[in-house]
Amino acid sequence: MRIVIVGCGKIGQSILKSLLRENHEIVAVDIDPDVISAISGNYDVMGICGAGTHFKTLSDAMVKNAELFIATTGSDELNMLSCFLAKRMGAKHTVARIRGQEYSAENIQFLKRQLELSMVINPEQLTAQTIFNILKFPSAVRSETFTRRRFEMAELSVKPGSALDGVSLSELRQRYSAAFLVCAVLRGEKAYIPGGSFVLEAGDKLGLLAAPEDMQKLLRGMGILQKSAKHVMILGGSRIAQYLAEDLIRGENSVKIIEKNEERCAELCGELPDNVLVICGDGSDKELLIEEGLDRADAFVSLTGIDEENLLVSYCALGRKVPKVIAKISQDSYSDVGGRLGIDCVVSPTHITADLLVQYARALENSLGSSVETLYSLMNGNVEALEFDVSDDFACAGVAIKELRLKSGVLLAGIIRGYKTIIPGGDDVILPRDRVIVIAAGQKLCDLSDVIA
């Protein structure tokens, strides 16, 4: 699929790398010649230096042949104009990054209609929502949902001496009555789709799939269910922090933001509800954090613009026994550093946004009887969890799962049939209009038919 990306900052380059791994034909456009030179030298893409609002630039990028046009410059207005022009020149689908808080949900819907935008992305809002989901379910490193919360996927770390350490998956099934599935395990850099004889070890990351009521029951039985975070301390007054604070306050949590820039503190005080406490001070000062109640916090979220500061201050919070610690990073190289420091919950706005665009591109590609409704990249990008909507002409409808010859590294993990959730066994079948959850390691799936060898 031919994809044009205008604006190659951190977000744009992350999207570019993710879509290149999907074997798409990419054209990168940026106004900075040094950026284009670096991208052309590092990646197998066509690079064009120019403004995404100029006719010649768009013509050189052959947007008339583009199936997908993505504008991710630092300017909302330029992104919208670029998409509008690309659509008029023949691009089939357009995606604009719009992050200004002056653009309400109502405004966004109006702009989508008038500019014929296929999608609007706001990386800061997406990141805040991801963190909010984790804070609602703090036992997990990550928490995702499928089809109106019919299934939950929790990514957990196996702690030394915990109920999971040294236990085989078949033993886990015997111990706990809840319907669940351990559908993926990351050990070091290797991802497994495990069988019943697989034995969990301390340090493993595992993906656990269950209906919400079974998930709570299961984690309670394992002794690892934490209460949701009610008292949250946020370091850094970024847009992500503002979105997150708004979500938390609506959930009746108490929120404290520490920001060292006086002007930004004044803005936050004017824009956030009165019950969000904004402290002007240097959050890298350990004594200030303790004085402001770090030891009493249920969760600490570090959202400054400096990865090193986020990781080091989060490490300090872990040392003070804060139950849930989350650090934001922008550079891929720091993911491993977080793990070595014991910070198992690290979020990346670039990865979150790139995952969404990969999901959208996969949905555009499918044509074989199902469509990608949801895609999550798990286990540091080594595993994907996909939700497919099964259409009436799916070739394997009604065939028992035990009779399907599945590809290696693929697991049919869940079926959603109306209001019913099914952890499938060999005798279960897939029917038209089902939603099917598939776990894949080392496989690119665009369609449910791709699971068949």
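Conventions and cut-offs
Residues numbered from 1 in each chain as written. Predicted model: local features only at pLDDT ≥ 70, side-chain atom pairs only at ≥ 80, totals over all residues. Heavy atoms only, no water. Pairing = 2+ DSSP bridges. Helix = DSSP H or I, 4+ residues; strand = E, 2+ residues; numbered from the N terminus. Contact = heavy atoms within 4.5 Å. Axes fitted to C-alpha atoms, helices over the stretch in contact; angles between N-to-C directions. Buried < 20%, exposed > 50% of the residue type's maximum accessible area, 1.4 Å probe, protein only. Disulfide = S-S within 2.5 Å.

**What about the sheet that holds strand β13 (residues 254–259)?**
Logical step 1: Pairing in this open sheet of six strands is parallel, and the strands run β14-β13-β12-β15-β16-β17 from one edge to the other. Whereas interior strands pair on both sides, the edge strands pair on one side only; in this sheet they are β14 (276–280) and β17 (346–347).
Logical step 2: When strand β15 (residues 299–302) meets strand β16 (residues 324–328), the two strands line up parallel, connected through four bridges. Along β16, the bridge assignment pairs Phe300 with Val325.
Logical step 3: Packed on one face of the sheet, helix α6 (residues 123–136) meets β12 (231–235), β15, β16 and β17 and runs near 165 degrees to β16.

**Considering the environment of Ala91**
Logical step 1: Turning to its location among the elements, Ala91 is positioned in the loop between α4 (76–89) and β5 (93–97).
Logical step 2: Its relative accessible area of 3% is what places Ala91 among the buried residues.

**Re the state of the cysteines**
Logical step 1: Within this structure, the stated rule accounts for zero disulfides.
Logical step 2: The thiol of Cys280 is not disulfide-bonded; the next cysteine sulfur, from Cys265, is found 3.9 Å away.
Logical step 3: Cys280 gets classed as partly exposed once you look at its relative accessible area, which sits at 43%.
Logical step 4: Note on Cys316: no disulfide assigned, nearest cysteine sulfur contributed by Cys345 at a separation of 17 Å.
Logical step 5: Relative accessible area serves as the criterion here: at 19%, Cys316 is assigned to the buried category.

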